[in-house]
Amino acid sequence: MGRDILVIADVKNGKLRNVSLEMLHKAAQLAGDGKVHGLLIGSQVKPLAEEWIRNGAKRVHVADQEILKDYTPDAYVQVVCQIIDKEQPGIVMLAHSAIGRDLAPALAAKYQAGQVSDAIAITEEDGRIVCTRPIYAGKAYTKVALPTELSFITVRPNNLGLGEADGSNLGEVVESGLDISKDSLRTFIREVVQKSTTGVDLSEAKIIVSGGRGVKSADGFAPLQQLADVLQAAVGASRGACDAGYCDYALQIGQTGKVVTPDLYIACGISGAIQHLAGMSSSKVIVAINKDPEAPIFKVADYGIVGDLFAVVPMLTEEFKRL
Ligand code: FAD
């Protein structure tokens, strides 16, 4: 038995984000006798098609047009609908990113289809596709079985795991001569990018050094940044730190910020409110540094250091420098 699966690439600065490859490898496992379709949307995205094939796409649809350079829901919905109508996949996978979170429900509503958001695992059980997703701000997990009809899934980055690319994989590239109606398209005005100093994308970072209200000031983030530089990590923050004006909201992790799943999350001066845990509790290893031994963050931490972050963080930085 098989099912056709369409994976929509998440492209950032001309590169496929890791979550795209994670989805593709998972789709190849689940498709059985069915076909894995990849869709590259944007401008100058065609050169990515080969990488898409090496990672398991059997047919890569390329929608490469200047008008698609910046995301607008109207144009992207038109493109994806044309591919869905043509290929009739049973499942469409998107990243649980800013674009995927906007695009998936628009598509699901258009097809009156179901959607599972923020999947962290996708398995096959008794012939049905089952997605695991967090609920109640990450306090519990639920399993959702997909119907056999068309369904949409958004996938949380860093959870499905990367497979090996295989240069001997064969696939075809279809340049979609798509018709995009320019009537009533929203206009993209500008993008404001908060650059990470280490160049590491927070939502896909393998290591995150995160600061809370305990850092006490914008300057208080400096030792965290130094540790992040040594570890090639991204810097994140609690909403407490953002609200206090110590850092930009682009760094906020949690229920109303970014959801992250790094291999290592180092929480410095963060109390561990439920809304913060919602964004980071599925990190593989959590280290908490807090001067209050009763801080709730220690309940989810794998390693806890009770102490002043301004003493502990520089010590860690010096130790890691030696490795
Ligand atoms: P605090 O709770 O003030 O904790 C600071 C910690 O620093 C304390 O534990 C203290 O012991 C420790 N500390 C102080 N000085 C030092 C030192 N020198 N060394 C070591 N430790 C020190 N929060 C989020 O983070 N993300 C969200 O997305 C989010 N969404 C929210 C949505 C809603 C609807 C609501 C109501 C709240 C939301 N919050 C969110 C806010 C959340 O409830 C907390 O208020 C916030 O997470 C607290 O941030 P904090 O841990 O940095 O600050």
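These figures come from a predicted structure and were not determined experimentally. Residue positions are counted from 1 within each chain, in the order its sequence is given. Confidence filtering applies because this is a predicted model: local features only for residues at pLDDT of at least 70, side-chain atom pairs given and counted only at 80 or more, and all residues used for totals across whole chains, interfaces and linings. Hydrogens and waters are ignored; side-chain quantities use all the structure's heavy atoms.

Asker: Let's hear about the confidence of the model for the chain: which residues, and what values?
Answerer: Here the chain averages 93 in pLDDT, and 98% of its residues register 70 or above. Confidence estimates for the predicted assembly give a pTM of 0.85 and an ipTM of 0.99. Per-residue confidence from the predictor is reported as pLDDT, a score between 0 and 100.

Asker: Hey, could you go over the sheet that holds strand β10 (residues 140–145) for me, with residue numbers and the actual values?
Answerer: Read from one edge to the other, the open sheet built from three strands follows the order β8-β9-β10, with strand pairing classed as antiparallel. Each edge of the open sheet carries a strand with a single partner, namely β8 (121–125) and β10. Going across the sheet, the axis of each strand differs from the next one's by a mean of 30 degrees, ignoring polarity. Relative to strand β9 (residues 128–135), β8 runs antiparallel, the two being bridged by five bridges. Bridge assignment links Glu 125 to a residue of β9, and that residue is Arg 128. Two strands make a pair as long as DSSP finds a minimum of two bridges between them. By the criteria applied, helices consist of DSSP H or I runs no shorter than four residues and strands consist of E runs no shorter than two, each listed in order from the N terminus. Here, axes are lines fitted to C-alpha atoms. For helices the fit covers the stretch in contact, and angles between N-to-C directions go from 0 to 180 degrees.

Asker: I'd like to hear about the layout of surface pockets, residue by residue, with values.
Answerer: Within this scheme a cavity is a closed region of a 1 Å grid, computed over the protein atoms alone, that accommodates a 1.4 Å probe without allowing it to escape, whereas a pocket is open but has protein on both sides within 12 Å along at least five of seven lines; lining residues each have an atom within 4 Å of a point. Grid points are joined across faces, edges and corners, and a volume is the space filled by probe spheres set on the points. Considering only enclosed or pocket space, the second largest pocket measures out at about 290 Å³ in volume. In this structure, the second largest pocket is lined by 21 residues; those nearest its centre are Ser 238, Arg 239, Gly 240, Ser 271 and Ala 273. Counting only elements with at least two residues in the lining of the second largest pocket, the list comes to α6 (239–243) and α7 (274–280).

Asker: Explain the site of the ligand residue by residue, including any values.
Answerer: The environment of the ligand is formed by 26 residues, the closest being Arg 213, Ser 238, Thr 256, Ser 271 and Asn 290. Here a polar contact means two N or O atoms within 3.5 Å. Within protein one must be a hydrogen donor candidate and the other an acceptor candidate, and residues neighboring in sequence count only if both atoms are side-chain atoms. For the ligand, a nitrogen atom lies 2.9 Å from a polar atom in the side chain of Lys 216. At a separation of 3.0 Å, an oxygen atom of the ligand approaches a polar backbone atom of Gln 255. Protein burial of the ligand: of its 1000 Å² of free accessible surface, 76% is covered by the chains. Judged by the proximity of its atoms to the pocket grid, the ligand belongs to the second largest pocket. Broken down by secondary-structure element, the contributors of at least two residues to the shell around the ligand are α6, α7 and α9 (309–322). When residues are sorted by character, Ala, Val, Leu, Ile, Met, Phe, Trp, Tyr, Cys and Pro go into the nonpolar class, Asp, Glu, Lys and Arg into the charged class, and all the rest, Gly among them, into the polar class. Partitioned by chemical class, the residues of the shell around the ligand number five nonpolar, 15 polar and six charged. Any residue with a non-hydrogen atom lying within 4 Å of a molecule or strand is treated as near it. Per-residue and other accessible areas follow the Shrake-Rupley method at a 1.4 Å probe size, with only the shown protein chains counted as cover for residues. A pocket or cavity is taken to hold a molecule when more than half of that molecule's atoms are within 2 Å of the pocket's grid points.

Asker: I'd like a description of the pattern of salt bridges, backed by residues and values.
Answerer: For salt bridges, the criterion is a side-chain nitrogen of Lys or Arg within 4 Å of an Asp or Glu carboxyl oxygen. Taken as a whole, this structure holds 14 salt bridges when the rule is applied. Residues Arg 59 and Glu 172 are paired through a salt bridge, measuring 2.7 Å at the closest nitrogen-oxygen approach. You can see Arg 59 sitting in strand β5 (residues 59–64) and its partner Glu 172 sitting in strand β12 (residues 172–175), a full 113 residues away along the chain. In this scheme, a residue with accessible area under 20% of its type's maximum is buried, one over 50% is exposed, and one in between is partly exposed, where area comes from a 1.4 Å probe on protein chains only. Under the relative-accessibility criterion, Arg 59 is labelled buried at 19%. A salt bridge links Asp 74 to Arg 186; the shortest N-O distance between them is 3.2 Å. Of this pair, Asp 74 sits in helix α3 (residues 73–87) while Arg 186 sits in the loop between β12 and β13 (207–211); the two residues are 112 residues apart in sequence, bridging distant segments of the chain. On the basis of relative accessibility, which here comes to 54%, the residue Arg 186 falls in the exposed class.

Asker: Break down empty space enclosed by the protein for me, with residues and values.
Answerer: This model, assessed by the stated rule, comprises one cavity of 30 Å³ or more. Taken as a whole, the largest cavity encloses approximately 40 Å³ of empty space. Pro 134, Gly 138, Tyr 141, Arg 156, Leu 277, Ala 278, Ser 281 and Ser 282 are the residues that line the largest cavity. A per-class count over the lining of the largest cavity returns four nonpolar, three polar and one charged.

Asker: Any chance you could break down the packing of α3 against helix α4 (residues 98–111) for me, citing the residues and the numbers?
Answerer: Running from N to C, α3 and α4 cross one another at 55 degrees; their axes reach a closest spacing of 10 Å. Our classification of the angle between α3 and α4 gives oblique. Classified by chirality, the crossing of α4 by α3 is right-handed. Across the interface between the two elements, Pro 73, Tyr 76, Val 77, Val 80, Cys 81, Ile 84 and Asp 85 from α3 touch Asp 102, Leu 103, Ala 106, Leu 107, Lys 110 and Tyr 111 from α4. Looking at side-chain class alone, the contact of α3 with α4 contains ten nonpolar, no polar and three charged residues. Orientation labels follow simple angle bins: below 35 degrees gives roughly parallel, above 145 gives roughly antiparallel, 65 to 115 gives roughly perpendicular, and whatever is left gives oblique. Throughout, a crossing is termed right-handed when the near helix is turned clockwise from the far one, and left-handed when it is turned anticlockwise from it by less than a right angle. Every residue pair with non-hydrogen atoms within 4.5 Å of one another is taken to be in contact.

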